[in-house]
There are 2 protein chains.
Amino acid sequence: MNIFLLTAHPEPRSLNGSLSRFIIDRLQAQGHDVQVSDLYAMKWKASLDRDDFQPDDALDAEGLFNASTASGRALQHGTQPGDIAAEQAKLQWADAVIVLFPLWWYSMPAVMKGWFDRVYAYGFAYGVGEHSDHRWGERFGEGLLAGKRAMLVVTTGGWASHYGPRGVNGPIDDLLFPMHHGMLYYPGMSVLPPYVVHRTGKVDAQKYAQIENELGQRLDTLWTTQPIAYRPQNGGDYEIPSLVLRDHIAPGQIGFSAHVSKVTETDIAKP
Amino acid sequence: MNIFLLTAHPEPRSLNGSLSRFIIDRLQAQGHDVQVSDLYAMKWKASLDRDDFQPDDALDAEGLFNASTASGRALQHGTQPGDIAAEQAKLQWADAVIVLFPLWWYSMPAVMKGWFDRVYAYGFAYGVGEHSDHRWGERFGEGLLAGKRAMLVVTTGGWASHYGPRGVNGPIDDLLFPMHHGMLYYPGMSVLPPYVVHRTGKVDAQKYAQIENELGQRLDTLWTTQPIAYRPQNGGDYEIPSLVLRDHIAPGQIGFSAHVSKVTETDIAKP
C-alpha cells in the first residue's frame, strides 16, 4: 500500500525524528511504499497569502484577495505553486496518511497548520460537490480523499493524567477533535484512533522500546483498526442546511462526542 | 488603558481588515492607547526553529536543538530575536489583548499560531514558577500575564447553527477552548467570552452595522465583562502533580466544561 508521512519537528535527532525513521522503516519492511514530507527540512512556506497565486487567480471581481476564490481558480487553471500541487499529489497517491507532530500549545506546530491552510485548496479539500438547500457539499465522510485512512501520532511533554477525562488540559480526544474531525474526516478520510506519547522529557531506552512496540503494532494494524465512527454529514443524521443533529440522533447529547456514533462491543475489531 | 490588538488576515480590505480598523478607532476614541501587530503586514516568521537563536543558546548539552531550552536561555541572556522581544513587550505593556482572526480549519491561521509558538518563550509564557511535587508551575490563572484581560474576535464562513451545541462542526466554545484556556488563560490572562461573526460571505451593509454595534458594546465593556470562570490550577481544585480535578469538584463531569466553575446568576455582571 502507499503511505504518506507528514511530519514537523525542528530537530531531526529528537524523539519525533526517531519516530519518523521508525515509521518509515517499519512500513517499508512490510513492503509498503512510503513518501515523506518533513516540513522543517523542506522549509515549508507556512502562510497562505497572495504570493501563492498568479495575479489573474489571486484577485476577485472587486480586486480583493480571497483565499477560497484564489485557491479554487489556481486549482482549476493548473496554476498552483509547485509545492502545493506536489503535496496534493502525495495525498491522492496515498492509501493512508500518518501525521506526526509534537503538541505545541494544544495544537500542531505552525508550519504544519500552514501545510493544511495551503494544501487544502478550495475544490480539493473543501468546496467539493453540490451546495444547495439539500446538500452542503461533499465533506465529513465524503470528498476527494474518501477511502483513505489517516492517523495522528502526537507527542506531549505533559503527563497522560493531565490529558485525561478530568485533567487540567482537557481530554486529548477533545483537543484533537478539530484535527481529527475538522481536518482529516472533513475531506473524507477515515480517522483511526491516535497514538499519543506523553511525558516526552522522561523517555529513556526502556520507555522508547515500549513506544516502538506499541506504535509498531498500530502500524501493523493500519488496515484493520476500526476508524472513529464519525457520523457522515449527508447520511441522514443531520438536518440540512442547519447541519444540526436530528432530535432522535444521540438525543440530548451535546459537544464533540455527539458526532461519534455509538459502536457496540461486538462491532469493535479485536486488537 | 493599554490595548494590544493581534490580527492575521491576508487581505486588508476584508471583513477582518474592517473589524481591525473599527476596533482601533473605537478604543482610541475612548482614550485608550492601542498597539497593533498585523501579522500578514509584518510578514511574521511563522516557524519556531534554531534560526531564532544564537548558536550558544540554540543547542543543549548533547548538541540538540530543544525549543524550550533554547527559548529559555535566549530570554535569560537577552539574546532573543528582536521580533520576538518586541511582541513580548507589547504583551507586558497591555492591560488587555484582543486577538482577531478568521477561523481556518477550526483554528487560527498558521502565521498566528507561529506568533504564539515563537513569542511564548520558556520562562515567559510557560516554565514559570516552581515545578515540584507540590507545584506545577505558575500557569492556568497565574503567570507573567496575570491581571490582563484577553478576548478573541473570530470570523467563520459557516452558520451559527453549524457551531451550535449539536452542530456538525462542534460547539464554537469547545473549538476555542484550546486557545482560550490553553493559550490565553495558561500564562495568566483572564479570558472574556469571544465575539464571533458567522456566515462572513453574507455580511451586507445592514449586517455589518449590526456587527459594529455588537462588537462596539463588547469593547465598551472590556473592563466590566465577567471573564470565563476557568479554575486556577493552584487554587485547590486539582490534585498535584496529576492535575486531575478533585473528586468533589464538578463530580462526575468530564471534558472542557468541567474546567469552568459554576457561576450563579447573581455573580454575573449586568451588561
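Each remark here, short or long, concerns the structure printed above.
Computed from a prediction, not measured in an experiment: that's the story for all the values here. (Residues numbered from 1 in each chain as written. Chains lettered and ligands numbered in written order. Predicted model: local features only at pLDDT ≥ 70, side-chain atom pairs only at ≥ 80, totals over all residues. Heavy atoms only, no water.)

K.L.:
Just to check I follow, could you spell out the overall build of chain A for this structure?
P.N.:
Helix and strand counts for chain A stand at seven helices and six strands. Seen in sequence order, chain A has helices and strands lined up from the N terminus as β-α-β-α-α-α-β-α-β-α-β-β-α. Taken against the 2.2 N^0.38 rule, which gives 18 Å for 271 residues, the C-alpha radius of gyration of chain A at 19 Å falls within 12% of a compact globule. Across its three principal directions, the C-alpha atoms of chain A cover 60 × 50 × 40 Å. Considering chain A as a whole, with its 271 residues, one finds that 55% of them fall into the buried category. Here the analysis covers contacts within chain A between residues at least 6 apart in sequence; of these, 74% occur between residues at least 24 apart. About 11,200 Å² of surface is accessible on chain A, with carbon and sulfur atoms providing 51% of the total. Taken together, the 23 basic and 30 acidic charged side chains of chain A have centroids lying 7 Å from each other. (Helix = DSSP H or I, 4+ residues; strand = E, 2+ residues; numbered from the N terminus. Rg over C-alpha atoms; globule rule 2.2 N^0.38 Å. Buried < 20%, exposed > 50% of the residue type's maximum accessible area, 1.4 Å probe, protein only. Contact = heavy atoms within 4.5 Å. Areas by Shrake-Rupley, 256 points an atom, 1.4 Å probe, with all protein chains shown as cover. Lys, Arg positive; Asp, Glu negative; His and termini not counted. Charge placed at Lys NZ, Arg CZ, Asp CG, Glu CD.)

K.L.:
Any chance you could explain the pattern of salt bridges here in plain terms?
P.N.:
Oppositely charged side chains are able to pair whenever their charged atoms sit close together. Residues and elements named next belong to chain A. What the rule picks out here adds up to 24 salt bridges over all chains. A salt bridge links Arg-118 to Asp-52; the shortest N-O distance between them is 2.9 Å. Of the two residues, Arg-118 sits in helix H5 (residues 110-119) while Asp-52 sits in the loop between strand S2 (33-38) and helix H2 (55-58), which places them 66 residues apart along the sequence. Each member of the pair Arg-118 and Asp-52 is classed as buried. Because the salt bridges share partners, they merge into one network encompassing Lys-45, Asp-49, Asp-52, Asp-83 and Arg-118. (Salt bridge = Lys/Arg side-chain N within 4 Å of Asp/Glu carboxyl O.)

K.L.:
Would you take a moment to explain the interface of chain B and chain A for this structure?
P.N.:
By a frequent convention, interface size equals the accessible area lost on bringing the separate parts together. The interface is formed by 68 residues belonging to chain B together with 68 residues belonging to chain A. Taken together, both faces of the contact between chain B and chain A bury some 5,300 Å²; the carbon and sulfur share is 62%. Summed over the three residues of chain B that lose the most area to chain A, namely Trp-105, Arg-166 and Val-168 of chain B, the buried surface amounts to 20% of that side. Counting every contact that joins chain B to chain A gives two salt bridges. Between Arg-50 of chain A and Glu-11 of chain B there is a salt bridge, with the nearest N and O atoms lying 2.6 Å from each other. If you look at where chain B meets chain A, you find 34 residue pairs in polar contact (both at pLDDT 80 or more). Every element with two or more residues in the side of chain B that touches chain A is listed here: helix H5 (110-119) and helix H6 (172-185) of chain B. With seven residues, H6 of chain B is the single largest residue contributor to the side of chain B that touches chain A. Considering only residue class, the side of chain B that touches chain A consists of 38 nonpolar, 16 polar and 14 charged. (Buried area = accessible area lost by both parts, 1.4 Å probe. Polar contact = N/O pair within 3.5 Å; in protein donor to acceptor, adjacent residues only side chain to side chain. Nonpolar A, V, L, I, M, F, W, Y, C, P; charged D, E, K, R; others polar.)

K.L.:
Got a minute to help me understand helix H7 (residues 205-220) of chain A in this structure?
P.N.:
Every α-helix carries 3.6 residues per turn, so stepping three or four residues along brings you back to the same face. Residues and elements named next belong to chain A. Given a rise of 1.5 Å per residue, 16 residues ought to cover 22 Å, and the 22 Å separating the end C-alpha atoms of H7 matches this to within 8%. Every buried residue belonging to H7 is among Tyr-208, Ile-211, Leu-215, Gly-216, Arg-218 and Leu-219, and all of these are buried. Projection of H7 onto a plane perpendicular to its axis shows the buried side chains occupying an angular sector of 155°, all on one side. Residues of H7 that are buried make contact with helix H1 (15-29), strand S3 (96-102), strand S4 (149-155) and strand S6 (195-197). (Expected span 1.5 Å × (residues − 1). Arc of directions from axis to C-beta.)

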